[in-house]
Number of protein chains: 2
Amino acid sequence: MGELIEIPARGGKAVRVKKGQALKMINTHGHQVVDTWAFNAEDLTEFMSMEHLRAMLGTIFPKQGDSLYTNQRRPILVMEEDTSPGIHDTLMASCDVHRYRLLGCTEYHENCTDNLAASMKELGLVAPETPAPLNMWMNIPVADGGATSWEAPVSKAGDHVLLRAQMDCIVAMSACPQDIIPVNAGNPVEAHFEVLD
Amino acid sequence: MGELIEIPARGGKAVRVKKGQALKMINTHGHQVVDTWAFNAEDLTEFMSMEHLRAMLGTIFPKQGDSLYTNQRRPILVMEEDTSPGIHDTLMASCDVHRYRLLGCTEYHENCTDNLAASMKELGLVAPETPAPLNMWMNIPVADGGATSWEAPVSKAGDHVLLRAQMDCIVAMSACPQDIIPVNAGNPVEAHFEVLD
């Protein structure tokens with residue numbers, strides 16, 4: 001409780017959070033994206049879902065104070081605090097081996113999809129699928145007409161979000177290893193979190 | 001081949017489409033949304049994925065000429081023709097029992113999520129999950145700042161999209177039964193399709 005835990009650079013970490021507890025996620029260096037998932041601890045087939053969250057909130061950009069909804073349209077987390085400018089992404093899939101192959105990689109590249117699976121496995125769990133993540137601090141502007149672009153985060157070192165659990169859940173996080181396009185300012189690093197009462 | 005098949009009002013229909021064939025989907029009455037999914041016939045765990053499609057296309061609004069991508073970032077369909085104004089939605093989850101419960105329904109309401117499952121079952125198949133659908137003709141404007149709204153379709157009677165299969169696939173369609181909010185202009189009706197060489 002309150003112990004500062006590292007999400008290793010290019011790696012993932014999952015943690016159990018009880019209803020009422022909060023996960024404080026810290027953008028230690030300011031320019032790091034953290035792909036974030038949350039699963040109902042009692043039933044992993046219920047999980048935070050971007051397509052349901054957008055429908056419930058009526059926005060593509062969840063903000064401080066918003067509930068974050070599952071595929072059963074129930075709040076699983078509340079974003080109680082956000083010291084960053086509030087730029088997070090709900091639109092983009094987590095990176096994966098296919099993404100890096102298309103970007104020209106001929107050898108294995110760490111990726112958020114595999115990090116989700118590995119972090120769940122550390123808890124003895126298997127995610128039933130790879131939901132679209134809440135990409136914390138990822139800066140994907142949407143232009144008039146719908147065009148998206150991949151930009152560097154606008155957050156600063158030490159920014160945090162505080163996510164309050166609305167049910168017992170597993171929160172999985174991946175410090176995005178993307179180093180080819182600028183979403184992590186070209187320099188993927190570690191981030192941190194702590195679980196608070 | 002070429003037979004006009006009905007997607008019944010408030011119901012679903014799935015069909016096998018071979019690589020190279022095209023599915024012509026017709027908005028018979030003009031104001032009907034059709035939630036659309038596509039699965040690789042050889043491996044149902046590969047399917048059209050809105051979060052991967054957006055990342056591949058760099059837009060939230062796929063247009064005539066665009067490939068529609070799977071969760072393995074491969075084209076499964078190409079939107080070869082679109083006679084409508086090109087307003088389709090990639091953001092919103094298919095409606096489900098939870099959605100209608102929150103809208104005040106106390107009894108069962110038909111929904112696109114159940115229609116997907118039922119239409120796959122008619123082919124002896126089980127979808128491995130409920131991917132976010134491509135909501136054909138659904139009009140979800142996104143305002144500057146990210147706010148979304150639920151509007152009536154801007155298509156007209158007889159508009160069609162022609163989807164050319166890039167692999168053997170199953171295409172599942174649901175004539176959205178939403179009659180509480182205006183996405184189907186308040187009047188859910190049937191649509192049609194045909195499979196063409």
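Residues numbered from 1 in each chain as written. Chains lettered and ligands numbered in written order. Predicted model: local features only at pLDDT ≥ 70, side-chain atom pairs only at ≥ 80, totals over all residues. Heavy atoms only, no water.

- Under an unreviewed UniProt entry, the name given to chain A is Urea carboxylase-associated family protein, and the source organism is Hwanghaeella grinnelliae.

## Notes on the relation of the copies chain B and chain A
Line of reasoning, step 1. Expressed as a screw operation, the relation of chain B to chain A combines 0.0 Å of axial shift with a rotation of 180°, fitting to an RMSD of 0.0 Å. In short, the pair behaves as if placed about a two-fold rotation axis. Minimal C-alpha separation from the rotation axis in chain B is found for D144 of chain B, amounting to 3.5 Å.
Line of reasoning, step 2. By residue overlap, the copies meet face to face through one surface: 100% of the interface positions of chain B are interface positions in chain A. (Least-squares fit on C-alpha atoms with pLDDT ≥ 70 in both. Contact = heavy atoms within 4.5 Å.)

## Details of unusual backbone geometry
Residue and element names in this part refer to chain A.
Line of reasoning, step 1. Phi angles above zero are rare outside glycine, and R73 is one such case at about 60°.
Line of reasoning, step 2. With respect to the element layout, R73 can be found in the loop between β6 (67-69) and β7 (75-82).
Line of reasoning, step 3. Take R73: its relative accessible area is 4%, and that puts it in the buried class.
Line of reasoning, step 4. In this structure, A185 is a non-glycine residue whose phi angle is positive, near 55°.
Line of reasoning, step 5. If you trace the backbone, A185 turns up in the loop between β10 (169-175) and β11 (191-196). (Helix = DSSP H or I, 4+ residues; strand = E, 2+ residues; numbered from the N terminus. Buried < 20%, exposed > 50% of the residue type's maximum accessible area, 1.4 Å probe, protein only.)

## Quick notes on the sheet that holds strand β6 (residues 75-82) of chain B
Residues and elements named next belong to chain B.
Line of reasoning, step 1. Pairing within the open sheet is antiparallel, and its six strands lie in the order β1-β10-β3-β8-β6-β5. Whereas interior strands pair on both sides, the edge strands pair on one side only; in this sheet they are β1 (5-7) and β5 (67-69). Sheet twist, expressed as the average angle between the axes of neighbouring strands with direction ignored, equals 30°.
Line of reasoning, step 2. Sheet analysis places strand β3 (residues 22-27) next to strand β10 (residues 191-196), joined by five bridges and oriented antiparallel. Its bridge partner lying in β10, I26 is registered against H192. (Pairing = 2+ DSSP bridges. Axes fitted to C-alpha atoms, helices over the stretch in contact; angles between N-to-C directions.)

## Side note on the environment of S174 of chain A
Residue and element names in this part refer to chain A.
Line of reasoning, step 1. For S174, the location among the structural elements is in strand β10.
Line of reasoning, step 2. Given the relative accessible area of 0%, S174 is considered buried.
Line of reasoning, step 3. Distance from S174 to V78, taken between C-alpha atoms, is 19 Å for residues 96 residues apart in sequence.
Line of reasoning, step 4. Polar contacts involving the side chain of S174 include one to the side chain of N115, which spans 2.9 Å. (Polar contact = N/O pair within 3.5 Å; in protein donor to acceptor, adjacent residues only side chain to side chain.)

## So, helix α1 (residues 50-57) of chain B
Line of reasoning, step 1. Summarising burial for α1 of chain B: six of the eight residues are buried, a large majority.
Line of reasoning, step 2. Those residues of α1 of chain B that sit buried are M50, E51, H52, L53, R54 and A55 of chain B.
Line of reasoning, step 3. Considering only its buried residues, α1 of chain B is in contact with α1 (50-57) of chain A together with β5 and β7 (134-136) of chain B.
Line of reasoning, step 4. Just past α1 of chain B, the residue G58 of chain B takes up positive phi, approximately 70°.

## Here's the deal with the interface of chain B and chain A
Line of reasoning, step 1. At the junction of the two partners, chain B supplies 31 residues and chain A supplies 31 residues.
Line of reasoning, step 2. Buried surface at the junction of chain B and chain A, both sides included, amounts to about 2500 Å², of which 53% is carbon and sulfur.
Line of reasoning, step 3. Our count for the chain B to chain A interface comes out at two salt bridges.
Line of reasoning, step 4. Between R73 of chain B and D96 of chain A there is a salt bridge whose closest N-O contact spans 2.8 Å.
Line of reasoning, step 5. At the junction of chain B with chain A, the criterion picks out 14 residue pairs in polar contact (both at pLDDT 80 or more). (Buried area = accessible area lost by both parts, 1.4 Å probe. Salt bridge = Lys/Arg side-chain N within 4 Å of Asp/Glu carboxyl O.)

## Let's talk about the side chain of S119 of chain B
Line of reasoning, step 1. Tracing the sequence through the fold places S119 of chain B in helix α3 (residues 112-122).
Line of reasoning, step 2. In contact with S119 of chain B, not counting residues within four places along its chain, are G12, K13, A14 and A172 of chain B.

## So, the nonpolar core
Line of reasoning, step 1. Formed by 49 residues in total, the largest nonpolar core has its most connected members in F39, L116, M120 and I170 of chain A together with F39, M120 and I170 of chain B.
Line of reasoning, step 2. Of all the elements in the fold, those that place two or more residues in this core are β4 (34-40), β5 (43-47), α3 (112-122) and β10 of chain A together with β4 (34-40), α3 and β9 (169-175) of chain B.
Line of reasoning, step 3. Not counting the four nearest positions on each side in its chain, I170 of chain A is found in contact with A14, V15, R16, W37, A38, F39, A41, L44, M120, L123 and L125 of chain A. (Core = buried A, V, L, I, M, F, W, Y, C linked by side-chain atoms within 4.5 Å.)

## Examining the packing of aromatic side chains
Residues and elements named next belong to chain A.
Line of reasoning, step 1. The full count for this structure, using the stated rule, is two aromatic pairs over all chains.
Line of reasoning, step 2. Here F39 and F47 contribute two aromatic rings whose centre-to-centre distance is 5.9 Å and whose plane-to-plane angle is 65°, an arrangement assigned as edge-to-face.
Line of reasoning, step 3. Over the ring of W150 we find R99; its NZ or CZ atom is 4.6 Å from the centre of that ring. (Phe/Tyr/Trp six-rings, centres within 6.5 Å; stacked < 30°, edge-to-face > 60°. Lys NZ or Arg CZ within 6 Å of the ring centre and 35° of its normal.)

## Here we look at the sheet that holds strand β9 (residues 159-165) of chain A
Residues and elements named next belong to chain A.
Line of reasoning, step 1. If you walk across this open sheet you meet the six strands as β1-β11-β3-β9-β7-β6, and the pairing is antiparallel. Each having just a single partner strand, β1 (5-7) and β6 make up the two edges of the open sheet. Across the sheet, the mean angle separating the axes of adjacent strands is 30° when strand polarity is ignored.
Line of reasoning, step 2. Pairing of β7 with β9 involves five bridges; the strand directions are antiparallel.

## A look at the environment of N27 of chain A
Residue and element names in this part refer to chain A.
Line of reasoning, step 1. Summarising the element assignment, N27 is placed in strand β3 (residues 22-27).
Line of reasoning, step 2. Counting along the chain gives 61 residues from N27 to H88, while the straight-line C-alpha distance between them is 12 Å.
Line of reasoning, step 3. With residues near it in sequence (within four places) discarded, N27 still touches Q32, W137, S155, K156, A157, G158 and D159.
Line of reasoning, step 4. Engagement of the side chain of N27 in a polar contact is seen with the side chain of S155, the distance being 3.1 Å.

## Quick look at the pairing of β3 of chain A
All names here are of chain A.
Line of reasoning, step 1. Taken across its six residues, β3 has five buried, putting it largely inside the fold.
Line of reasoning, step 2. Two strands pair when backbone bridges link them, and β3 and β9 are joined in this way by six bridges, in the antiparallel orientation. Directly across from M25, in β9, lies its bridge partner V161.

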